Amino acid sequence: SAEDAALMTPVTVELKKHYRDLTLPVVIIVGGDDQIADVDRQSKRLHSELPASELVVVPGMGHMIQHLAPKEVIAAIDCAAKTIREAA
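Residues numbered from 1 in each chain as written. Predicted model: local features only at pLDDT ≥ 70, side-chain atom pairs only at ≥ 80, totals over all residues. Heavy atoms only, no water.

S.K.: What am I meant to see in the overall build of the protein chain here?
M.R.: Counting its regular elements, the protein chain contains four helices and two strands. Reported as C-alpha extents along the three principal axes, the dimensions of the protein chain are approximately 40 × 30 × 20 Å. (Helix = DSSP H or I, 4+ residues; strand = E, 2+ residues; numbered from the N terminus.)

S.K.: What exactly am I supposed to notice about a nonpolar patch on the surface here?
M.R.: Nonpolar side chains collect at one region of the surface, where Leu-7, Val-11 and Leu-15 lie side by side and expose about 270 Å² of accessible area between them. Take Leu-7: it is sitting in helix H1 (residues 2-16). (Patch = residues over 30% accessible without salt bridge, like charges linked within 9 Å, V, L, I, M, F, W, Y side chains within 5 Å. Areas by Shrake-Rupley, 256 points an atom, 1.4 Å probe, with all protein chains shown as cover. Salt bridge = Lys/Arg side-chain N within 4 Å of Asp/Glu carboxyl O.)

S.K.: Can you help me understand the side chain of Asp-34 in this one?
M.R.: Within the fold, Asp-34 resides in the loop between strand S1 (27-31) and helix H2 (39-49). Buried charge without a partner: Asp-34 forms no salt bridge, and the closest opposite charge is Arg-41, 10 Å away. Polar side-chain contacts of Asp-34 include one of 3.0 Å to the backbone nitrogen of Ala-37. Beyond its immediate stretch of four places on either side in the chain, Asp-34 contacts Val-39, Met-61, Gly-62 and His-63. (Buried < 20%, exposed > 50% of the residue type's maximum accessible area, 1.4 Å probe, protein only. Lys, Arg positive; Asp, Glu negative; His and termini not counted. Polar contact = N/O pair within 3.5 Å; in protein donor to acceptor, adjacent residues only side chain to side chain. Contact = heavy atoms within 4.5 Å.)

S.K.: Help me understand helix H4 (residues 70-87), please; the structure alone is not making it clear to me.
M.R.: Count 3.6 residues to each turn of an α-helix, and residues three or four apart come out pointing the same way. In this model, H4 (18 residues) spans 26 Å end to end at C-alpha, consistent with the 26 Å of a helix rising 1.5 Å per residue. Turning to H4, its buried residues number three or more, namely Val-73, Ala-76 and Ala-80. Angularly, the buried residues of H4 cover 60° about the axis, an arc narrow enough to put them on a single face. Of the exposed residues in H4, those oriented more than 90 degrees away from the buried face are Lys-71, Arg-85 and Glu-86. Buried residues along H4 sit in contact with S1 and helix H3 (65-68). (Expected span 1.5 Å × (residues − 1). Arc of directions from axis to C-beta.)

Shown next as C-alpha coordinates:
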(Lines give C-alpha, C1' and ligand atoms only; values in the text may rest on other atoms or scores of the structure.)
Protein backbone atom coordinates (compact mmCIF):
# COMPACT_ATOMS: atom_id res chain seq x y z
CA SER A 1 0.00 0.00 0.00
CA ALA A 2 2.75 2.45 0.92
CA GLU A 3 4.62 1.76 -2.32
CA ASP A 4 1.40 2.15 -4.28
CA ALA A 5 0.69 5.50 -2.65
CA ALA A 6 4.28 6.72 -3.10
CA LEU A 7 4.35 5.91 -6.81
CA MET A 8 0.82 7.06 -7.63
CA THR A 9 1.54 10.80 -7.91
CA PRO A 10 4.52 10.61 -10.31
CA VAL A 11 2.69 8.09 -12.48
CA THR A 12 -0.49 10.14 -12.64
CA VAL A 13 1.46 13.28 -13.55
CA GLU A 14 3.04 11.39 -16.46
CA LEU A 15 -0.28 9.87 -17.57
CA LYS A 16 -2.02 13.25 -17.48
CA LYS A 17 0.14 14.33 -20.41
CA HIS A 18 -1.58 11.71 -22.56
CA TYR A 19 -5.27 12.26 -21.66
CA ARG A 20 -6.01 14.18 -24.84
CA ASP A 21 -4.53 11.35 -26.94
CA LEU A 22 -7.33 8.99 -25.91
CA THR A 23 -9.64 8.09 -28.78
CA LEU A 24 -11.69 5.38 -27.11
CA PRO A 25 -14.92 6.04 -25.21
CA VAL A 26 -14.27 7.00 -21.60
CA VAL A 27 -16.87 6.62 -18.88
CA ILE A 28 -15.81 7.87 -15.46
CA ILE A 29 -17.96 6.32 -12.73
CA VAL A 30 -17.52 7.37 -9.13
CA GLY A 31 -19.28 7.26 -5.80
CA GLY A 32 -20.76 10.60 -4.84
CA ASP A 33 -19.70 10.11 -1.21
CA ASP A 34 -16.16 8.89 -1.93
CA GLN A 35 -13.97 9.78 1.06
CA ILE A 36 -10.69 8.77 -0.62
CA ALA A 37 -10.84 10.38 -4.06
CA ASP A 38 -12.34 13.87 -4.22
CA VAL A 39 -15.10 13.80 -6.83
CA ASP A 40 -14.80 17.51 -7.70
CA ARG A 41 -11.02 17.75 -7.61
CA GLN A 42 -10.30 14.48 -9.40
CA SER A 43 -13.25 12.93 -11.23
CA LYS A 44 -14.91 16.12 -12.46
CA ARG A 45 -11.53 17.58 -13.40
CA LEU A 46 -10.69 14.48 -15.44
CA HIS A 47 -14.10 14.68 -17.10
CA SER A 48 -13.44 18.32 -18.05
CA GLU A 49 -10.07 17.35 -19.53
CA LEU A 50 -11.68 14.61 -21.63
CA PRO A 51 -14.48 16.46 -23.45
CA ALA A 52 -15.92 13.30 -25.03
CA SER A 53 -16.08 11.46 -21.72
CA GLU A 54 -19.17 10.67 -19.72
CA LEU A 55 -19.23 11.20 -15.95
CA VAL A 56 -21.51 9.07 -13.79
CA VAL A 57 -21.68 10.01 -10.11
CA VAL A 58 -23.57 7.41 -8.06
CA PRO A 59 -25.13 9.17 -5.05
CA GLY A 60 -24.53 7.72 -1.61
CA MET A 61 -21.70 5.44 -2.72
CA GLY A 62 -18.06 5.48 -1.66
CA HIS A 63 -14.66 4.67 -3.11
CA MET A 64 -14.93 1.03 -4.22
CA ILE A 65 -17.70 1.71 -6.70
CA GLN A 66 -17.18 -1.58 -8.55
CA HIS A 67 -18.16 -3.43 -5.34
CA LEU A 68 -20.80 -0.99 -4.11
CA ALA A 69 -22.71 -0.42 -7.34
CA PRO A 70 -21.91 -3.25 -9.76
CA LYS A 71 -25.07 -2.72 -11.83
CA GLU A 72 -24.13 0.91 -12.48
CA VAL A 73 -20.56 -0.08 -13.39
CA ILE A 74 -21.80 -2.75 -15.80
CA ALA A 75 -24.19 -0.21 -17.35
CA ALA A 76 -21.27 2.21 -17.84
CA ILE A 77 -19.22 -0.53 -19.51
CA ASP A 78 -22.17 -1.46 -21.72
CA CYS A 79 -22.58 2.19 -22.71
CA ALA A 80 -18.92 2.43 -23.74
CA ALA A 81 -19.15 -0.86 -25.65
CA LYS A 82 -22.26 0.37 -27.49
CA THR A 83 -20.40 3.52 -28.52
CA ILE A 84 -17.57 1.39 -29.92
CA ARG A 85 -19.98 -0.85 -31.83
CA GLU A 86 -21.83 2.14 -33.32
CA ALA A 87 -18.55 3.70 -34.45
CA ALA A 88 -17.43 0.53 -36.22
